[in-house]
Amino acid sequence: MGSPAESEAVIEEALPADWERERRPGGVDTDRRPSFVAFRHSSGDVRVRIAPPNPELDRHAHLLTVTLYPGTELATTSEVRSVTSEDRVADLAVDWMKLFDGAYDGPGDVERAAQFAIERIAPPDVVLDSLVNDDE
């Protein structure tokens, strides 16, 4: 993908029905590139955000984050994954949204559905403590 507009178009083409691109400006850097792209679930309770690499912030990969209850005092943001490829982060964002939708069962289920999706999109080298056998 050559430009943020191309990756946004690819994501929007594959976007699940309950998601839409946030139209608020995410900020623009000195090269006039968006500083991030965000998508919000129709419930309003979840935002998926992709930030491009930013050497000034010592971030050399695309960062996928999820915010639960954005814009409220309960807002919590989790880093899901960092990848170097713009194509890959776009695919992961769409996959995360689809996984969330598959697990989501209404407003009382936001945290569980988000955790379900995060666990499946997390880097493959992450080992969950619950899977570690201390006897070995």
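Residue positions are given per chain, counted from 1 along the sequence in the order it is written. Totals for whole chains, interfaces and linings use all residues, but because this is a predicted model, local features are given only for residues with pLDDT of at least 70 and pairs of side-chain atoms are given and counted only at 80 or more. To get the side-chain values, all heavy atoms of the structure are used, and hydrogens and water are removed first.

Trainee: Let's hear about helix α3 (residues 110–121): which residues, and what values?
Mentor: In this model, α3 (twelve residues) spans 17 Å end to end at C-alpha, consistent with the 16 Å of a helix rising 1.5 Å per residue. Buried, partly exposed and exposed residues are distinguished by accessible area as a fraction of the type maximum, computed with a 1.4 Å probe on protein chains only: under 20%, between the cut-offs, and over 50%, respectively. Only DSSP runs of H or I with at least four residues qualify as helices, and only runs of E with at least two residues qualify as strands; both kinds are numbered from the N terminus onward. Restricting attention to buried positions, one finds in α3 the residues Val110, Ala113, Ala114, Ala117, Ile118 and Ile121. Down the axis, α3 shows its buried residues gathered within 135° of arc, on one side only. Where α3 is buried, its residues meet β3 (46–51), β4 (62–68), β5 (76–83) and α2 (86–103). A helix is expected to reach a length of 1.5 Å times the quantity of its residues less one. Directions from the helix axis toward the C-beta atoms define the arc. Whether two residues are in contact is decided by their heavy atoms, any of which lying within 4.5 Å being enough.

Trainee: Quick one: what's the story with the sheet that holds strand β1 (residues 19–21), residue by residue and with numbers?
Mentor: Think of a sheet as strands paired side by side through backbone hydrogen bonds, with each pair either parallel or antiparallel. Here five strands make up an open sheet; going across it, the order is β1-β2-β3-β4-β5 and the pairing antiparallel. Looking at which strands have only one partner, the edges of the open sheet turn out to be β1 and β5. On average, adjacent strands in this sheet sit at an angle of 20° to one another, irrespective of strand direction. DSSP bridges decide pairing: two strands pair if at least two such bridges lie between them. With three bridges connecting them, β1 and strand β2 (residues 37–41) associate as antiparallel partners. From the neighbouring strand, Glu20 faces β2, where its bridge partner is Arg40. In this analysis, axes come from line fits to C-alpha atoms, helices being fitted only over the stretch in contact, and the angle between any two N-to-C directions falls in the range 0 to 180 degrees.

Trainee: Outline the environment of Val46, listing residues and values.
Mentor: Along the chain, Val46 falls in strand β3. Judged by relative accessible area, which is 0%, Val46 ranks as buried. Residues contacting Val46, with those up to four places away along its chain left out, are Trp19, Phe39, Arg40, His41, Val66, Thr67, Leu68, Pro70, Trp96, Phe100 and Val110.

Trainee: If you had to explain the packing of aromatic side chains to someone new, which residues and values would you point to?
Mentor: Stacked, tilted and edge-to-face pairs are distinguished by plane angle, under 30 degrees for stacked and over 60 for edge-to-face with tilted covering the rest, among Phe, Tyr and Trp rings (Trp via its six-membered ring) whose centres lie within 6.5 Å. In total, this model carries four aromatic pairs according to the counting rule given. When the ring of Trp96 is compared with that of Phe100, the centres are 5.4 Å apart and the planes differ by 15°; the resulting orientation is stacked. Of this pair, Trp96 and Phe100 both sit in helix α2, four residues apart, which is roughly one turn of the helix. Pairing Phe100 with Tyr104 gives two aromatic rings, centres 5.1 Å apart and planes at 25°, and the pair type is stacked. Here the two residues Phe100 and Tyr104 agree in accessibility, since each one is buried. Taken together, the ring pairs in this structure connect Trp19, Trp96, Phe100 and Tyr104 into an aromatic cluster.

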